[in-house]
Amino acid sequence: MLGLEVVVLLAAVLLAGHVLAARLRLPPPVVLLACGLALGFVPALREVPLSPEIVLLIFLPVLLYWESLTTSLREIRSNLRPITLMATALVLGTAAAVAVTAHALDMPWGPAWVLGAAVAPTDATAVGVLARALPHRNVTMLRAESLVNDGTALVLYGLAVGVTVGEESLTAGHVGLLLLLSYLGGVAVGAVIAWVGTWLRRRLSDPLLENTAIIALPFTAYLLAEVIDASGVLAVVSCGLIMSQKGPSVGQAHGRRQTEAFWSLATFLINGSLFVLVGMKAQDAARGLDGISVGTALLLVGAVTAVTIGARFAFLFTTPYLIRLLDRRPQQKARRVGARPRIVNATAGFRGAISLALALAVPTTLSSGAPFPDRDLIVFATCGVIVCTLVLQGIVLPYVTRWARFEHDTVLAEELHLAQRAATERALTALPQLADRLDVEADVVERLRREYEEHLSLVEANASDTEDDPALAQAEQYSRLRLALLDHKRDTVIQLRDEHRIDDTVLRRMQAALDVEEVRLRRTATGP
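So, a few notes on the structure that sits alongside this text. (Residues numbered from 1 in each chain as written. Predicted model: local features only at pLDDT ≥ 70, side-chain atom pairs only at ≥ 80, totals over all residues. Heavy atoms only, no water.)

## Regarding the side chain of Ser 182
And then number 1: Looking at the secondary structure, you find Ser 182 in helix H9 (residues 172-203).
And then number 2: The exposure class of Ser 182 is buried, given its relative accessible area of 4%.
And then number 3: What Ser 182 contacts, discounting residues up to four positions off in sequence, is Gly 151, Val 155, Ala 230, Ser 231 and Leu 234. (Helix = DSSP H or I, 4+ residues; strand = E, 2+ residues; numbered from the N terminus. Buried < 20%, exposed > 50% of the residue type's maximum accessible area, 1.4 Å probe, protein only. Contact = heavy atoms within 4.5 Å.)

Rendered as structure tokens:
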């Protein structure tokens, strides 16, 4: 098939899949995976290429960068120890358990470790899509773990492939050096690229040029890290985390709105496309099995999936108790969580794009020229584990979340109201001084003061917890009336254009201003 036909097909499947998921009340990734599996039966679609370079060099930097930009660095700092342990010790333990299981099922040690490294890391994008209903702290920990554990898995994967091919020697010093280079080199490269990006954004006044520079950042960080044999994944993640702190103080409002719109759409399309392509690749992997029965391959998928999920449960129900024995500080006691939240975190260990990319990147031959042992089985088993975790855990997670009975998470709502109130109050305090400096007339100052005081009263009304609060009811009525008036204004402008009384350029400018106001009103009305 031509590339354009594939693009059109993916767009149609994304639309149909999300509509069907909403009607069936299923997670969209589950439905998109099923669509991909169904498309795999079409002979013409079996030739659709999905090289590891496309996933690692195009899809992954975009997804990881946006996940890093939109996660909470404060929550990462406050939960750094469990995140670090899950991103390193859990990955190594999972890979080892999978390798032992695969070897017990007659897979040689080298390919068994390659399979273990491929399925060990969780997927940040799958977590972001399927676990978004969890409390803020849980989602942040899951996303941060998924962002960091890729670096550990990639080093382990590179060693396993190198030893199997015959190009690497497995010594403790060599492994330690590779891990050190992967982590420190990746973080350093990400910091340098973030500094360059900040420097550029301070000097670019054109929003289009600013966003061109922003788009280049994750790809530059990834490629530069790979050149020095560091972790491109960690380079992208560290660059995104630093830019999440520096971004709000540089650039312009118009540019930031373009950035959010572009990345939201790009990650939505790439995420959905990956789920469909994983389903299609699972079909292709099943047909690629050479000399291995489907029953044997399915047995391996079931065993590896069980071990992968079991290792996560075992880690989350042993490591916390060990930490409690060793760390008796009061602040450590305050961070403890019960068994139910840990079961939810264990259930949310989805596999996704990075696992697929690693499986597809397995070389076809050894250094001797002989075929890489069990390569087709590695690809099939990895696709099977991805499908099983996304489908089984994706369907079960909402029920487990309800069973866990999390307390209503009001932290973000409270902090949002604090920020709105403090910003408005300080603006009102600074209003007279700013008016004098800008030589603004008294009528204009008084008009702006009334608007800010009205906004402050709306913020206070929205902060109320009482559903029958008259102030809150008036605030909602105010927003609904403003939105209705905006619709009338928009219809009027369109009518003027249709009557040839204004130009299309005027219509677009008016519509942009009305859209900005509508977005602001809807965000105020719906809250965080």
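Having put the structure on the table, let's press on.
## Some remarks on the environment of Met 280
And then number 1: Residue position: Met 280 is located in helix H12 (residues 253-288).
And then number 2: Since its relative accessible area comes to 8%, Met 280 is described here as buried.
And then number 3: Taking the C-alpha atoms as reference points, Met 280 and Val 91, 189 residues apart in sequence, are found 27 Å from one another.

## Considerations on the packing of helix H6 (residues 109-119) against helix H17 (residues 353-360)
And then number 1: It is at 8 Å that the axes of H6 and H17 come closest, and there the two elements cross at 155°. With respect to each other, H6 and H17 are oriented roughly antiparallel. Where H6 approaches H17, its residues Ala 117, Ala 118 and Val 119 are matched on the opposing element by Ser 355, Leu 358 and Ala 359.
And then number 2: Of the residues that constitute the contact of H6 with H17, the class distribution is five nonpolar, one polar and no charged. (Axes fitted to C-alpha atoms, helices over the stretch in contact; angles between N-to-C directions. Parallel < 35°, antiparallel > 145°, perpendicular 65-115°, else oblique. Nonpolar A, V, L, I, M, F, W, Y, C, P; charged D, E, K, R; others polar.)

## Topic: the pattern of salt bridges
And then number 1: Following the criterion strictly, the structure yields ten salt bridges and no others.
And then number 2: Between Glu 210 and Arg 201 there is a salt bridge, and its shortest N-O distance comes to 2.9 Å. For the pair formed by Glu 210 and Arg 201, the shared burial category is buried.
And then number 3: The shortest N-O distance in the salt bridge between Asp 487 and Arg 490 comes to 3.3 Å. Highlighted residues: Asp 487 and Arg 490, both in helix H21 (residues 470-498), separated by three residues, approximately one helical turn.
And then number 4: Here the residues in one salt-bridge network are Asp 487, Arg 490, Asp 515 and Glu 518, joined through shared partners. (Salt bridge = Lys/Arg side-chain N within 4 Å of Asp/Glu carboxyl O.)

## Digging into unusual backbone geometry
And then number 1: In this model, Asp 106 sits at a positive phi of 75°, which is unusual for a non-glycine residue.
And then number 2: By the secondary structure assignment, Asp 106 is in the loop between helix H5 (80-104) and H6.
And then number 3: The residue Asp 439 is not glycine, and still its phi comes out positive at about 55°.
And then number 4: The topology assignment puts Asp 439 in the loop between helix H19 (411-438) and helix H20 (442-462).

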